[in-house]
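Architecture and fold: a report
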Amino acid sequence: MRSAPGIVGIALGSNLNGVALSDPSLEPLWQRLDQLRMPVIQHPMVPTFVDAMDEYALGVRVGFLFDTSLAIARMIYAGVFERNPNFPFVVAHTGAAFVDMIERLDNGFRNYADCQQYITRLPSEFARNFWYDSCSFFPPFIEMVRTFAGTEKIMFGTDYPFIDLGSEHLDQMPLAPADRAAIMGGNAQALFGIQTD
């Protein structure tokens, strides 16, 4: 049970001032969040490799998404989710580039001993338990992630004020009314335990 009234989740960057989220020093944090079953929303931060992306705003356009993807891949392979299976994990920007890499990560588990060192299941099995927001703003990608993880794992998200868009991109998708209602609020209410009148 959560012990902080009014707190329904926490947000973390894709790295903590350069420290990877898979770093062993953070294991007590993951253990406590697991005990609390506290949802964690992961959002990209300035990547440690941003100096290699010093033109065309690539640090934001590309670097943020790959820092998220790198963080999650490391967390899976390092066994964070195997040891701590009870806290919901929300990946911003519809999973960034991570979902597109999932088969490569599964192949890593199948073929490389170090990718099996801390986990006993395919990375895709962990990834299907994650939650994803709709902030890729690209209906075909959202549909791909929805096919992969299920409608119940997709939530409306906004990048305001950085990107001033609402739910227009979801209106372009052939969603059943119940699926649209779930994405637009029902799934988040269930995840965060939000009661409505």
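This write-up is about the structure you can find in this document. (Residues numbered from 1 in each chain as written. Predicted model: local features only at pLDDT ≥ 70, side-chain atom pairs only at ≥ 80, totals over all residues. Heavy atoms only, no water.)

Here we look at unusual backbone geometry
- Positive phi is not limited to glycine here, since Ala 96 has a value of about 55°.
- Its location among the elements puts Ala 96 in the loop between strand 5 (89-91) and helix 4 (102-111).
- On the basis of relative accessibility, which here comes to 8%, the residue Ala 96 falls in the buried class.
- Non-glycine residue Phe 137 carries a positive phi angle of around 60°.
- Note that Phe 137 resides in the loop between strand 6 (131-133) and helix 6 (139-149). (Helix = DSSP H or I, 4+ residues; strand = E, 2+ residues; numbered from the N terminus. Buried < 20%, exposed > 50% of the residue type's maximum accessible area, 1.4 Å probe, protein only.)

Considering helix 6
- When we look at burial in helix 6, the residues that qualify are Pro 139, Phe 141, Ile 142, Val 145, Arg 146, Phe 148 and Ala 149.
- Residues of helix 6 that are buried sit in contact with helix 4, helix 5 (123-127), strand 6, strand 7 (154-155), helix 7 (168-171) and helix 8 (177-192).
- Positive backbone phi, approximately 105°, marks Gly 150, located one or two places after helix 6. (Contact = heavy atoms within 4.5 Å.)

A word on the nonpolar core
- By size, the foremost hydrophobic cluster in this structure holds 40 residues, and its most contacted members are Trp 30, Phe 89, Phe 98, Phe 130 and Tyr 132.
- If one sorts the elements of this core by residue count, helix 2 (residues 58-77) sits on top with six residues.
- Once residues within four sequence positions are removed from consideration, Tyr 132 is found in contact with Val 91, Thr 94, Gly 95, Phe 98, Val 99, Ala 127, Val 145, Phe 148, Ala 149, Lys 153, Ile 154 and Met 155.
- Counting five residues, the second-largest nonpolar core is a separate cluster that includes Val 90, Trp 131, Met 155 and Leu 191. (Core = buried A, V, L, I, M, F, W, Y, C linked by side-chain atoms within 4.5 Å.)

What to know about the pairing of strand 4 (residues 40-43)
- Because side chains alternate across strand 4, one face comprises the buried residues Val 40 and Gln 42, and the other comprises Ile 41 and His 43, none of which is buried.
- The pairing of strand 1 (residues 10-13) with strand 4 spans four bridges and is parallel. Each residue of the ladder has a partner; that of Gly 13, found in strand 4, is His 43.
- Here three bridges tie strand 4 to strand 5, and the two strands are oriented parallel to one another. (Pairing = 2+ DSSP bridges.)

Points about the packing of aromatic side chains
- Enumeration according to the criterion identifies seven aromatic pairs in this entry.
- Between the aromatic rings of Phe 98 and Phe 130, the centroid separation amounts to 6.2 Å while the plane-to-plane angle is 40°, which identifies the pairing as tilted. Taken as a pair, Phe 98 in the loop between strand 5 and helix 4 and Phe 130 in the loop between helix 5 and strand 6 lie far apart in primary sequence, 32 residues in all. Across the pair, exposure class does not vary: Phe 98 and Phe 130 are buried alike.
- Clustering of aromatic rings is evident, with ring pairs tying together Trp 30, Phe 81, Phe 87, Phe 89, Phe 98 and Phe 130.
- Its guanidinium or amino end placed over the ring of Phe 126, Arg 121 lies 4.2 Å from that ring's centre, counting from NZ or CZ. (Phe/Tyr/Trp six-rings, centres within 6.5 Å; stacked < 30°, edge-to-face > 60°. Lys NZ or Arg CZ within 6 Å of the ring centre and 35° of its normal.)

Remarks on the sheet that holds strand 6
- Spatially, 1-4-5-6-7 is the arrangement adopted by the five strands of the open sheet, whose pairing is parallel. The strands lining the two open edges of the sheet, one partner per strand, are strand 1 and strand 7.
- Each of strand 4 and strand 5 is contacted by helix 2, which is oriented at about 150° to strand 5, the strand it contacts most. (Axes fitted to C-alpha atoms, helices over the stretch in contact; angles between N-to-C directions.)

Re the pattern of salt bridges
- What the rule picks out here adds up to six salt bridges.
- A salt bridge links Glu 27 to Arg 83; the shortest N-O distance between them is 3.0 Å. Residue Glu 27 is located in helix 1 (residues 27-36), and its partner Arg 83 is located in helix 3 (residues 80-83); the two are separated by 56 residues in the primary sequence.
- Residue Arg 180 pairs with Asp 171 through a salt bridge whose shortest N-O separation is 2.3 Å.
- Under the relative-accessibility criterion, Arg 180 is labelled partly exposed at 28%.
- Residue Asp 171 is classed as partly exposed on the basis of its relative accessible area of 48%. (Salt bridge = Lys/Arg side-chain N within 4 Å of Asp/Glu carboxyl O.)

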